[in-house]
Amino acid sequence: MANNDNLIALVTGANAGIGFHMTQHLARAGIRVLQGSRDPARGTNAARQLNADGLEVDQLTLDVTDDQTIAAAVKHVADKYGRLDILINNAAIVGDGLPASQVSRASLLQTFDTNTAGIAAVTNAFLPLLRKSGRPRVLNVSSELGSTRLVNDPDWPHSNVAAAAYQLSKSALDMLTVLYAKELAEEKISVLSVSPGYRATGLSNGEPMPGAGDPSEGAAGIVAVALAVDPPTGLFFNWQGEVVAW
Ligand SMILES: NC(=O)c1ccc[n+]([C@@H]2O[C@H](COP(=O)([O-])OP(=O)(O)OC[C@H]3O[C@@H](n4cnc5c(N)ncnc54)[C@H](OP(=O)(O)O)[C@@H]3O)[C@@H](O)[C@H]2O)c1
């Protein structure tokens, strides 16, 4: 996008980690950001940190597994702005972190509810407002850990990770990206999967993340894709802006 003025972006799960840093980068670029958080107190705390940095954000309570909060968030954006230009589906959980032979049904369902069904629910609810944008785009924050090609490659440094619920939910999310991209192509709504790369955040539930990079750097890479002038659709971009084969 050549001119970021007056653009409106929503980032889900933006009170911490990559989502927080994407909110910060977008706000610094002059974009009006709706900072999604499932917990109002954590959302207020995160918004205060940005305010202290001189950045204005619009704090929005949104639990991607709760249709009532999604509907209330859509109403807020409709009443206040009348459209949405950029939707970044970032909120996710890691699940129980167990390999396929040990994963529980409960963890699979909970992780899919947040990481996959939650993204479909949020995207579908915001589609009418995205259709009112001149340059609509949806970015689904995914992970290379959902790529069957990379996970099957013994030379890929993370190929030994086995967190079945999380990885399956991200593979399904990537299919969702492709399905949306095809369905919405005529309406010129760009839908992409993006990854921040391996970053030290709360996603590991306190487990050490040796060698993980700076979350702000990964977030900046995704924001650069989000602000591309003419984004393609139906592809997976890494944080360096390169297309990753699925
Ligand atoms: N970190 C990495 O190495 C890495 C690598 C590849 C991809 N990613 C992806 O990057 C994205 C951000 O993850 P992160 O690393 O920043 O993890 P994080 O620090 O754990 O942040 C996750 C965010 O999602 C929120 N969230 C969880 N469930 C939610 C729900 N039901 N509704 C709304 N928000 C919810 C969390 O809110 P609470 O604070 O309330 O829990 C938190 O704000 C995820 O999609 C993840 O899969 C991360």
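Residues numbered from 1 in each chain as written. Predicted model: local features only at pLDDT ≥ 70, side-chain atom pairs only at ≥ 80, totals over all residues. Heavy atoms only, no water.

Going by the annotation in an unreviewed UniProt entry, the name recorded for the protein chain is SDR family NAD(P)-dependent oxidoreductase, with Mycobacterium hippophais given as the source organism. The UniProt entry for the protein chain carries the following comment under Sequence similarities (unreviewed entry): "Belongs to the short-chain dehydrogenases/reductases (SDR) family." (UniProt positions renumbered as here; feature names shortened; annotations may be inferred.)

Engineer: Whenever I open this one, unusual backbone geometry confuses me. Can you help?
Structural biologist: Outside of glycine, negative phi angles account for most residues, and trans bonds account for most peptide bonds. Here K188, not a glycine, exhibits a phi torsion of approximately 60 degrees, which is positive. Take K188: its relative accessible area is 67%, and that puts it in the exposed class. Of note, the phi angle at N205 is positive, near 55 degrees, even though the residue is not glycine. Relative to the assigned elements, N205 resides in the loop between β6 (190-194) and α7 (215-226). On the basis of relative accessibility, which here comes to 56%, the residue N205 falls in the exposed class. (Buried < 20%, exposed > 50% of the residue type's maximum accessible area, 1.4 Å probe, protein only. Helix = DSSP H or I, 4+ residues; strand = E, 2+ residues; numbered from the N terminus.)

Engineer: I keep staring at the side chain of S193 and nothing clicks. Help me out?
Structural biologist: Looking at where S193 falls in the secondary structure, it is placed in strand β6. Among the polar contacts made by the side chain of S193, one reaches the side chain of D174 at a distance of 2.7 Å. At 2.8 Å, the side chain of S193 and the side chain of T177 are in polar contact. Sequence-distant contacts of S193, defined by excluding residues within four places in its chain, comprise N140, S142, D174, T177, L235, F236, F237 and W246. (Polar contact = N/O pair within 3.5 Å; in protein donor to acceptor, adjacent residues only side chain to side chain. Contact = heavy atoms within 4.5 Å.)

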